[in-house]
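A look at the structure
Listed below, chain by chain, are the residues.
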Amino acid sequence: MKLLSLAVSVFSLVLSAQAAEQRIECPARYPAEDIPLRETGDWDTGLVPADIPLEGGGMFTGPLVRRAELRGSERRIRGGYITNFGFNRDQDPPEKWFVCHYGHVQLARRIADTTTACELTHKERKFPKESDVRLICR
């Protein structure tokens, strides 16, 4: 009976660890129609001619208005690189953000405050020439 109880406990720990993992992928393009441009001066309207391709991604910490970009430990892989980030819950600000870069446009998604480590993978596809940026956090 004790063995069964131990097995159930281990299984529930594995399930809770898997549930705590966050996987996020940057969209390959930022839709042009989602960029509002105000009318200014003598001009009738502003135009964004096409969707904006993904250029890269990164991690920010603290409030987004401060734009405190993190530098993790980076290693090269075939066709790109992997950057690892570690967080100390007692010392680091609680807000952590995954940011996708599309030129001067950025998308941000908040990461769970309980996160202690993230791995960002950035690969450059040759054909079509596009970036692939993914984040896995625990």
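Structure's up top.
Residues numbered from 1 in each chain as written. Predicted model: local features only at pLDDT ≥ 70, side-chain atom pairs only at ≥ 80, totals over all residues. Heavy atoms only, no water.

Some remarks on the state of the cysteines
Convention followed: By convention in this document, the label disulfide applies to cysteine sulfur atom pairs within 2.5 Å. Here a strand is any run of E in DSSP of at least two residues, a helix any run of H or I of at least four, and the numbering for each starts at the N terminus. The cut-offs for exposure are 20% and 50% of the maximum accessible area for each residue type, with area from a 1.4 Å probe on protein chains only; residues under the lower value are buried, those over the upper are exposed, and the others partly exposed.
For the structure on display, the rule yields two disulfides. Covalent S-S linkage joins Cys26 and Cys100, the inter-sulfur distance amounting to 2.0 Å. Measuring handedness by torsion sign, the sulfur bridge of Cys26 and Cys100 sits at about -85° and is left-handed. Of the two residues, Cys26 sits in the loop between strand E1 (22-25) and strand E2 (29-30) while Cys100 sits in strand E8 (residues 96-102), which places them 74 residues apart along the sequence. Summarising the burial analysis for this pair, Cys26 and Cys100 share the class buried. There is a disulfide in this structure between Cys118 and Cys137, and the S-S distance comes to 2.0 Å. Between Cys118 and Cys137, the S-S torsion sits near 110°, and that sign places the bridge as right-handed. Here Cys137 lies in strand E11 (residues 130-137) and Cys118 lies in strand E10 (residues 117-125), a separation of 19 residues in the sequence. For Cys137, a relative accessible area of 1% puts it in the buried group. Once the bonded cysteines of the protein are numbered in order along the sequence, the disulfide links fall as 1-2, 3-4.

Details of the nonpolar core
Just so we agree on the cut-off: Here, the term nonpolar core denotes a set of buried Ala, Val, Leu, Ile, Met, Phe, Trp, Tyr and Cys residues that are joined through side-chain atoms within 4.5 Å.
Cys26, Met59, Phe98, Tyr102, Ile111, Cys118 and Leu135 are the most contacted members of the largest nonpolar core, which totals 17 residues. For this core, the secondary structure elements donating two or more residues are E8, E10 and E11.

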